[in-house]
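Topology and contacts: notes
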Amino acid sequence: MIASRLFVLIPCAGSGSRAGGVGPKQYQRVAGRPMVRHTLEAFRALAGRFAGIAVVVSPQDREISAALPLFPAAGEHLLQVGGATRAASVRNGLQALKQVAGAGPHDWVLVHDAARCLVTPTQIEALIAACEHDAVGGLLAQRLADTLKAASPDGRVADTLTRADKWLAQTPQMFRIGMLLDALERTGDTVTDEASAIEAIGLAPLLVPGSAQNFKLTFPEDFALAEALLQTRRAAST
């Protein structure tokens, strides 16, 4: 039996409207570089582990070449098939990955948000180690530490929910390409992450402990925090 390979798919087709900047947030500079470049470098650090690394952008994207001037390199793929939703971009990207890189249904794909630019190679390796022999696959996630409130329509507390079994979903999320494509085709564009599509077809993804630092840059204040963390990491490595 042919061993399963590992591929990376980075959706990079969003508009980033909540970030408050000019243009898509994945191209905003953080610690001197476009955000997506930090994201890509985390996977490039493990390039020997992957059969291919792909970035999915919209067909109209004109900024990717400036953000990633040396992309794609050998074993990398620029897929200009992004859709109107994250699910559509991932679905289209997986189909393109099959065509341009020969990815098979039994191969694994790690889908990672371009806006989670603080992920580390160590976290990626932890996900692979936990999932590569799992029947379903899984995702990086973090146990919920704060008290969780449900809100009423007028913005008041309606209920306090137990946090004992609550996790915050992160990425990468790692599943078999064939399984994930089937799930996304069956669930449509409403799911907001890959694990939700897998859950919708009756399977239970594995929760792999991640890190609070692997947060998704969404709001303006997130950029200052990411900048500080990246500068701290840079100083520690010199």
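Structure shown above.
Let us look at the structure shown here. (Residues numbered from 1 in each chain as written. Predicted model: local features only at pLDDT ≥ 70, side-chain atom pairs only at ≥ 80, totals over all residues. Heavy atoms only, no water.)

Some thoughts on the overall build of the protein
- Scanning the protein for helices and strands turns up seven helices and eleven strands.
- Residues classed as buried in the protein amount to 46% of the 238 residues present.
- Within the protein, residue pairs in contact and separated by at least 24 positions form 71% of the contacts whose partners lie at least 6 positions apart. (Helix = DSSP H or I, 4+ residues; strand = E, 2+ residues; numbered from the N terminus. Buried < 20%, exposed > 50% of the residue type's maximum accessible area, 1.4 Å probe, protein only. Contact = heavy atoms within 4.5 Å.)

So, the environment of D159
- Examined against the element boundaries, D159 turns out to sit in strand β9 (residues 157-161).
- Separated by eleven residues in the primary sequence, D159 and L148 place their C-alpha atoms 8.6 Å from one another.
- Beyond its immediate stretch of four places on either side in the chain, D159 contacts L148, K149 and A150.

What to know about the pairing of strand β7 (residues 137-143)
- Buried residues dominate β7, accounting for five of its seven residues.
- The pairing of β7 with strand β10 (residues 167-176) spans six bridges and is classified as antiparallel. Considered in β10, the bridge of G137 is made with F175. (Pairing = 2+ DSSP bridges.)

Considerations on unusual backbone geometry
- Here F71 and P72 are connected by a cis peptide whose omega angle stands at 0°.
- Cis geometry is adopted by the peptide bond preceding P172, which originates at T171 and carries an omega value of 10°.
- Mapping P172 onto the fold places it in strand β10.
- The backbone of A31 shows a phi angle near 50°, a positive value even though the residue is not glycine.
- Of note, A31 is situated in the loop between β2 (29-30) and β3 (33-34).

A closer look at the side chain of D61
- With respect to the helices and strands, the residue D61 is situated in the loop between β4 (52-56) and α2 (64-67).
- One buried charged residue, D61, remains without a salt bridge, the closest side chain of opposite sign being R62 at 6.4 Å.
- Looking at D61, its side chain comes within polar contact range of the main-chain nitrogen of E63, at 2.8 Å.
- When residues no more than four places from it in sequence are discounted, the contact partners of D61 are C12, Y27 and Q80. (Lys, Arg positive; Asp, Glu negative; His and termini not counted. Salt bridge = Lys/Arg side-chain N within 4 Å of Asp/Glu carboxyl O. Polar contact = N/O pair within 3.5 Å; in protein donor to acceptor, adjacent residues only side chain to side chain.)

A short note on the packing of aromatic side chains
- A full pass over the atoms with the stated rule returns one aromatic pair.
- Judged by centre distance (6.1 Å) and plane angle (50°), the ring pair of F43 and F50 falls under tilted. (Phe/Tyr/Trp six-rings, centres within 6.5 Å; stacked < 30°, edge-to-face > 60°.)

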